[in-house]
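# Topology and contacts: notes
So you can see what is in the structure, the chains are spelled out below.
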Amino acid sequence: MSMTAILPEHPRLSRRFRLQYEEAQSRWVLLYPEGMVQLNPSAAEILKRCDGARSVDAIVSELEAAFNAQGIGPEVRNLLEEGQRRGWID
């Protein structure tokens, strides 16, 4: 098991990043002063919900309801942990 920082209860996208849809690339991206991160559709859906108001469990529940999926909690947490390591999540 890797030693990672504990996820915040209510994850929020870092102020250094801006999530937006790029028409030219037909995908969601995270913009930051040094560049851009292209997101796959799943990552974009998760990060759209990182507003500091929703808990991790609420994000998982909302995604499960929106996409008629069950048991996606581990994948959501993995993406949030990776985002936290990369500085996307506060």
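Higher on the page you've got the structure.
All values derive from a computational prediction rather than experimental measurement. (Residues numbered from 1 in each chain as written. Predicted model: local features only at pLDDT ≥ 70, side-chain atom pairs only at ≥ 80, totals over all residues. Heavy atoms only, no water.)

## As for the overall build of the protein
A tally of regular secondary structure across the protein gives three helices and three strands. Its helices and strands taken in sequence order, the protein reads β-β-β-α-α-α from the N to the C terminus. When burial is assessed residue by residue, the protein has 36% of its 90 residues classed as buried. The long-range share in the protein, meaning contacts at least 24 apart out of those at least 6 apart in sequence, stands at 48%. When the accessible surface of the protein is summed, it comes to about 5800 Å², and 50% of that surface belongs to carbon and sulfur atoms. The distance from the centre of the 11 positive side-chain charges to the centre of the 13 negative ones in the protein is 4 Å. (Helix = DSSP H or I, 4+ residues; strand = E, 2+ residues; numbered from the N terminus. Buried < 20%, exposed > 50% of the residue type's maximum accessible area, 1.4 Å probe, protein only. Contact = heavy atoms within 4.5 Å. Areas by Shrake-Rupley, 256 points an atom, 1.4 Å probe, with all protein chains shown as cover. Lys, Arg positive; Asp, Glu negative; His and termini not counted. Charge placed at Lys NZ, Arg CZ, Asp CG, Glu CD.)

## Let's talk about the pattern of salt bridges
What the rule picks out here adds up to eight salt bridges. A salt bridge links D51 to R54; the shortest N-O distance between them is 2.8 Å. A salt bridge links E82 to R85; the shortest N-O distance between them is 2.8 Å. You can see E82 and its partner R85 sitting in helix α3 (residues 73–85), three residues apart, about one turn around the helix. Classification of E82 as partly exposed rests on a relative accessible area of 25%. Note on R85: relative accessible area 51%, which makes it exposed. (Salt bridge = Lys/Arg side-chain N within 4 Å of Asp/Glu carboxyl O.)

## Observations regarding α3
An α-helix turns once every 3.6 residues. As a result, residues three or four positions apart point the same way. Over its 13 residues, α3 extends 18 Å from the first C-alpha to the last, a length consistent with the 18 Å expected when each residue adds 1.5 Å. Three or more residues of α3 are buried, namely G73, V76, L79, L80 and G83. Viewed end-on, α3 has its buried residues packed into an arc of 135°, placing them on one side of the element. Along α3, exposed side chains directed more than 90 degrees from the buried face belong to P74 and R85. In this fold, the buried residues of α3 make contact with α1 (41–48) and α2 (56–66). Once α3 finishes, G87 follows within two positions and takes phi at roughly 85°, a positive value. (Expected span 1.5 Å × (residues − 1). Arc of directions from axis to C-beta.)

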